[in-house]
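# Results of the structural survey
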Amino acid sequence: MKDGHAPRRKLLIIIAAMLAVLVLTPFSGSYVIVLVTHALIFAILAMSLDILLGYTGLPSLGQAAYLGMGAYLTAILATRFQFGLDGTFWVVVVLGMLIGAATAALFGLFAIQASGVYFLMITLALGMCVWGLAYRWNSLTGGDNGIVLPPRPAFGIELADDVTYFYLVFGFFAVSLVMMAILVRSPFGRSLVGIRENELRMRILGYNTWLHKYIAFIIAGGFGGLAGVLWAHAHGLVSPEDVVLATSVDALLMVVLGGPGTLVGGAIGAGIVVFLREYLSTLVPWWQYVLGGVYVLTILYLPGGLMSIPERIRGSRALSRRARETKNLQTSPH
Amino acid sequence: MSSMILRRLNWGLMAGIVAAGLGLSSYAGAAQELRIGFIAPLTGPFSQVGKDMVNGFQMYLDEVGSDFAGAKVTFIVEDEEAKPPVAVRKAEKLIRQDKVQLFAGGLLASTGYALAPVSTRLKTVYVVSTPAADDLTQRDAAKYPYIVRTGWTSSQPSHPFGEWACQQGFKRIVAVGADFAFGHEVVGGFQKAFESCGGRIIQKIWPPLGTIDFGPYIPTIKKDADAIFTLMAGPMSLQFPKQLASAGIRLPVLGGGTSYDEFVLPSMGDEVIGHISALQYSAALDTPKNDAFVKKYREKYGKVPSYYSEGNYTAAQMIHEVMKKTKGKWPGTEQFVKLLSSVQLETPRGPVRIDEMKNPVHNVYIRIVRKKKEHGYDKDELWNSVVKTYPNVGQFWKYPKEEFLKQPVYSRDYPPCKYCE
Amino acid sequence: MDTQFWVIQAFNGVSYGALLFLLASGLSLIFGVMRIVNLAHGSFFLLGGYVALTVIWTTGSWLLALPVAALVVAVVGLLMERVFLRPLGFDPLRQVLLSVGFAYLFQQAALDIWGGDNLDIVPPDMLKESAVVGGFYFPMYRVFMIGMALVMGLILWLTMEKTRIGAMVRATVDDSEMARGVGIDTSRVSMFIFALGAFLAGLGGVIGGAFLGVYPGLDFAILPIAFAVVIIGGMGSLAGAAVGSLLVGLADNFGKALFPEISYFTLYAPMVLILALKPTGLFGRE
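Residues numbered from 1 in each chain as written. Chains lettered and ligands numbered in written order. Predicted model: local features only at pLDDT ≥ 70, side-chain atom pairs only at ≥ 80, totals over all residues.

## Overview of the overall build of chain A
- The number of helices and strands found in chain A is 14 helices and two strands.
- Since a compact globule built from 334 residues should have a radius of gyration of about 20 Å, the 21 Å found for chain A is in line with a globular shape.
- The long-range fraction of contacts in chain A, counting pairs at least 24 apart against all pairs at least 6 apart in sequence, stands at 76%. (Helix = DSSP H or I, 4+ residues; strand = E, 2+ residues; numbered from the N terminus. Rg over C-alpha atoms; globule rule 2.2 N^0.38 Å. Contact = placed C-beta atoms within 7 Å.)

## Considering the overall build of chain B
- Helices and strands together make up the secondary structure of chain B, namely 12 helices and 15 strands.
- Here the C-alpha radius of gyration of chain B, 24 Å, is about what a compact globule of 421 residues would show, namely 22 Å.
- With the C-alpha coordinates of chain B rotated into their principal frame, the extents come out at 110 × 50 × 35 Å.
- Across the 421 residues that make up chain B, the buried fraction comes to 55%.
- Put simply, of all contacts in chain B between residues at least 6 apart along the chain, 73% involve residues at least 24 apart. (Buried ≥ 20, exposed ≤ 12 C-beta atoms within 10 Å, placed from the backbone.)

## Re helix H11 (residues 333-340) of chain B
Residues and elements named next belong to chain B.
- Turning to H11, its buried residues are Phe-336, Val-337 and Leu-340. Axial view of H11: buried residues confined to an arc of 100 degrees, hence all on one face.
- Taken together, the buried residues of H11 touch strand S4 (102-105), strand S5 (125-128), strand S6 (147-149) and helix H10 (307-325). (Arc of directions from axis to C-beta.)

## What to know about the packing of helix H5 (residues 158-167) of chain B against helix H6 (residues 181-196) of chain B
All names here are of chain B.
- Here H5 crosses H6 at 45 degrees, and the two axes come no closer than 7 Å. Looking at the two axes, H5 sits oblique to H6. The handedness of the crossing between H5 and H6 comes out as right-handed. Between H5, through Ser-158, His-159, Phe-161, Gly-162, Glu-163, Ala-165 and Cys-166, and H6, the contact on the second element is made entirely by Val-186, Gly-189, Phe-190, Gln-191, Lys-192, Ala-193 and Phe-194.
- Here the residues of the contact of H5 with H6 sort into seven nonpolar, five polar and two charged. (Axes fitted to C-alpha atoms, helices over the stretch in contact; angles between N-to-C directions. Parallel < 35°, antiparallel > 145°, perpendicular 65-115°, else oblique. Left-handed = near helix turned anticlockwise from the far one by under 90°. Nonpolar A, V, L, I, M, F, W, Y, C, P; charged D, E, K, R; others polar.)

## Things to note about the interface of chain C and chain A
- Every contact between the two is made by 33 residues of chain C and, on the other side, 33 residues of chain A.
- Sorting the residues of the side of chain C that touches chain A by element identifies helix H4 (92-114), helix H9 (218-233) and helix H11 (263-277) of chain C as the ones contributing at least two each.
- With 13 residues, H4(C) is the largest single contributor of residues to the side of chain C that touches chain A.
- Its residues assigned to classes, the side of chain C that touches chain A shows 26 nonpolar, four polar and three charged.

## As for unusual backbone geometry
All names here are of chain B.
- In the segment running from Tyr-414 into Pro-415, the intervening peptide bond is cis, with an omega of 0 degrees.
- Secondary-structure assignment places Pro-415 in the segment after helix H12 (401-406).
- The backbone phi angle of Lys-123 is positive, close to 50 degrees, even though this residue is not glycine.
- Here Lys-123 is to be found in the loop between helix H4 (109-121) and S5.
- Although it is not a glycine, Asn-392 adopts a positive phi angle of roughly 55 degrees.
- Turning to its location among the elements, Asn-392 is positioned in strand S15 (residues 381-393).

## Regarding the domain arrangement of chain B
All names here are of chain B.
- Annotation of chain B at the domain level lists domain 1 (32-153 + 287-362) and domain 2 (158-285 + 363-406).
- Its C-alpha centre places domain 1 at a distance of 25 Å from the equivalent point of domain 2.
- The partner domain 2 presents 24 residues to the 35 residues of domain 1 that form the contact.
- The biggest single contributor to the side of domain 1 that touches domain 2 is helix H9 (residues 288-301), with four residues.
- Grouping the constituent residues of the side of domain 1 that touches domain 2 by class yields 15 nonpolar, 11 polar and nine charged. (Domains from an automatic or database assignment.)

## Notes on the sheet that holds S6(B)
Residue and element names in this part refer to chain B.
- Read across the sheet, six strands follow the order S2-S3-S1-S4-S5-S6 without closing on themselves; strand pairing throughout is mixed. What marks the edges here is a single partner per strand, and that holds for strand S2 (67-68) and S6.
- Bridging between strand S1 (residues 32-40) and strand S3 (residues 71-79) involves nine bridges; their strand directions are parallel. Looking at the pairing, Ile-36 lines up with Phe-75 of S3.
- This element, H4, spans S5 and S6 of the sheet and lies at about 155 degrees to S5. (Pairing = 2+ DSSP bridges.)

## Things to note about the pairing of strand S12 (residues 344-347) of chain B
All names here are of chain B.
- Across four bridges, S12 lies against strand S13 (residues 350-354) in antiparallel orientation. Its bridge partner lying in S13, Gln-344 is registered against Arg-353.
- The antiparallel hairpin formed by S12 and S13 contains two residues in its connecting segment.

## Some details on the environment of Lys401(B)
- One can find Lys401(B) in helix H12.
- Placed 347 residues apart in sequence, Lys401(B) and Val54(B) show a C-alpha to C-alpha distance of 34 Å.

## Re the nonpolar core
- Core analysis: the biggest nonpolar cluster contains 329 residues, and Ala46(A), Ala125(A) and Val73(C) have the highest contact counts within it.
- Take this core: its biggest share by element is 18 residues, from helix H2 (residues 30-55) of chain A.
- Residues lining this core come from more than one domain, with at least three contributed by each of domain 1 (32-153 + 287-362) and domain 2 (158-285 + 363-406) of chain B.
- Excluding residues within four positions of it along the chain, Val73(C) makes contact with Phe44(C), Leu47(C), Gly48(C), Val51(C), Ala198(C), Phe199(C), Ala201(C) and Gly202(C). (Core = buried A, V, L, I, M, F, W, Y, C linked by C-beta atoms within 7 Å.)

## A closer look at the interface of chain A and chain B
- Taken together, the contact pairs 16 residues of chain A with 17 residues of chain B.
- Within the residue set of the side of chain A that touches chain B, elements represented by two or more residues are H2 and helix H12 (264-283) of chain A.
- A total of three residues in the side of chain A that touches chain B trace back to one element, the largest contributor, which is H2(A).
- Residue classes in the side of chain A that touches chain B are distributed as five nonpolar, seven polar and four charged.

## A look at H6(B)
All names here are of chain B.
- Its 16 residues place the ends of H6 22 Å apart at the C-alpha level, agreeing with the 22 Å of an ideal helix rising 1.5 Å per residue.
- Along H6, 14 of the 16 residues are buried, which leaves the element largely enclosed by surrounding structure.
- Two residues or fewer after H6 comes Gly-198, characterised by a positive phi angle close to 115 degrees. (Expected span 1.5 Å × (residues − 1).)

## Describing the packing of helix H3 (residues 64-80) of chain A against helix H5 (residues 116-136) of chain A
Residues and elements named next belong to chain A.
- Viewed as axis vectors pointing N to C, H3 and H5 meet at an angle of 30 degrees, and their least axial separation amounts to 8 Å. Regarding the angle of H3 to H5, the classification is roughly parallel. Here H3 runs over H5; the crossing is left-handed. Across from Ala-64, Ala-65, Gly-68, Met-69 and Tyr-72 in H3, the residues of H5 making contact are Leu-126, Gly-127, Val-130 and Ala-134.
- The class makeup of the residues in the contact of H3 with H5 is seven nonpolar, two polar and no charged.

## Focus on the environment of Val32(A)
- Tracing the chain through its elements places Val32(A) in helix H2.
- Sequence-wise, Val32(A) and Tyr279(A) are 247 residues apart; in three dimensions their C-alpha atoms are separated by 8.7 Å.

Now the structure itself:
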């Protein structure tokens, strides 16, 4: 009985949380606004990874590559071609998603044939290729220096204002969340879950599992590219540091911490990791213990991530309820 | 009844006015706070340099009890890990969260190029005490109205050095420089001056910043050159001369100042004796002011000050000069920039003033690494002994400003390698 | 480009490859036996350097630092495997993330214990010289690196081919279920291999410390290169680690000397090619 209400209640909680973020952030102080904006951008990246990991069962260690492609494209267009700094910003958004998807399409050809650990290794390697190029192709990417972007676009709305930019990023986040939610509830999304559960069975049933996985990979890449475009303008600077291995690993942690297969879990995970890296690090010098500790404790004790906590509580409550009922049955007189 | 109330009101009013008056006067006389943010690499390959930077600034603060003409200085240091994106993030935190009125530091030229836009975007003063990126005060100066450089431009010492090298009789030089903006600009400045006087750069090699294994690069150095010009930074400075010696290369070596700066000199061995470099500072500088500076710094921090220490010590001193003029009150961003740009000072490196593009004009010293006793210390140590002083060197050297600004910024390909073989 | 160029560059490439072999062989074995992608491997390498420094500072002996540091790192690896990785069972994703968590913990601990400075391991004077053969200068330290790698490689090969435990390891790599079936305690084998991998990485760290320095961030900087070697050479194969490190060492060296612009590309391009044509690496098995 209670379980029937749970999805609706969950939806209400999610909407309430999002509204809270939307309303409270602009009043929270200049640095918090910047942090929340960063968290939302990484939330998009984490959710895109969740489609691969949580729904399709593909653990990708190279998701930062697509963020990098989108970010560098934005930066190069802005500095070399002065493109994307006005209404053309929306064109750049689309281009960013396309380049993310295209890169994923290319990488997917190498990666999808593998699974499990090998998939991890291959996606790691491909991510490293992007980093290597960003780092050494000096004439294009500026190498170590990175590329400094001009001030944010203005098209009637001044994105240079931090609060305005926050609203924009929030909008993208909300739309991405909705789009991905629709995707995973669709027949396509459900077949992805089927592949995660038992790929052999799906193939026997006639599904082209390779194609399903490939498409999921491309879609994740597209959203990664979107995150990249937003990241470039949020930060004002794009550099090889953005596509380093640690970023891809962080994205994985965000998903696992929040709860794979829940989409919102990735957003929650993103918030926590960004907070740790960019806020806690300014307060105490030993923040990396906390970060490492979060990694270790999550893996050991919270396999389903944070989103699984309510279920566990419900589960243990149900267990204890049943235990009580059983005891009552036993002790009640007949 | 009412008179009682009236009287109470009167007392209340008077009390209020007195309190307000007291409050106002105490506010006017209260210590103003000057919040200074400082960004330096505290971890990673450049952490020793970062420490020198912080220590230099801190030593000056300690000398004046963190009191700048009545303003109490709060000094907040953040670690940038020698990575420009981290530096930007820390700067944002310092400005937005810690509400600093100005920030200083940053190490690499690339960090300078990344922090300057932040200063413009968030309308905060950036005192460029170390990053030498040329264009911050040259072709891009208009983009950055709130920065003032108290350090140097990468090519500033290279220009007189190039001329000096040519006068010494060197004709064909191979350049080996770290592959980033700073490296390009130091080598570029040297090349321009060296070639205008008749010399030739016959080869340019660019190991990436952070290279520790020069194995791939050293064997490609042309054997028939007269000398090698090297620009190394951070851990590269220590390794390159060692590996050069191990490979049996016996050519004379000239270098940018950071190749032999005191941040690394004490760890180097005899392989660097006789190497020549140019910079606006040397710990071996034999003036009373520098003598006192070196002795005090060494006693406090256990090592000889590097140019990073001196640069930030001087930056702190210059900020203090401005606060003296405003009697300890923060004059606002624009006014501060104006006042800092008009400071003239005698510093450990010699006389310093700021030019109209907000870059310092100071002496450039040609130094040779020698093993001797300096400043009355009783041990033979490696020092950058000064052999020639070029006074009043600005960022444009002898070149007319307009002409200089018309040429592109020094890069990997500029000046072009006309004589490369 | 005269002969001297080619000879010296080849020598440099081989010596770099020797260092990589120490680092990558452990990673490859760990992967081959346990199917674990150990992202803390760079940390083992760095810890080796740090522990060696402590040994040198307290005892003054560089020679002692070599085995002591390697053993300490082996113990750390052992604990990590026993206490944390073992309970996870076979779960590649969680194992990877766990190893990263440890990498961060190690990084912070190293920062607290040894500080943030860039430190240098100074080898004994004898190794600072250069051997001059036929007009070519061969730095002795590089010769030492090659020697060390050859010795370790030989020991490893003998262990794997000629000893019982080596046979058990090979059996587990080939087919762990079958190995269990014939009574091999695969969990003991795993523990041994993980400790061995950490040992090798730690040893690499001591040796590499004179060459690369010891500083925070080195752990994550060296990791991608180690993975490049393992991917190219093949996971789980000693021969693969040897060939892979040689290839990567030479490619990296010649790439930087001849095509400095795209030197990372010359490193990662073979990797991508291998992934496309034979994903398990040159000597890897399915």
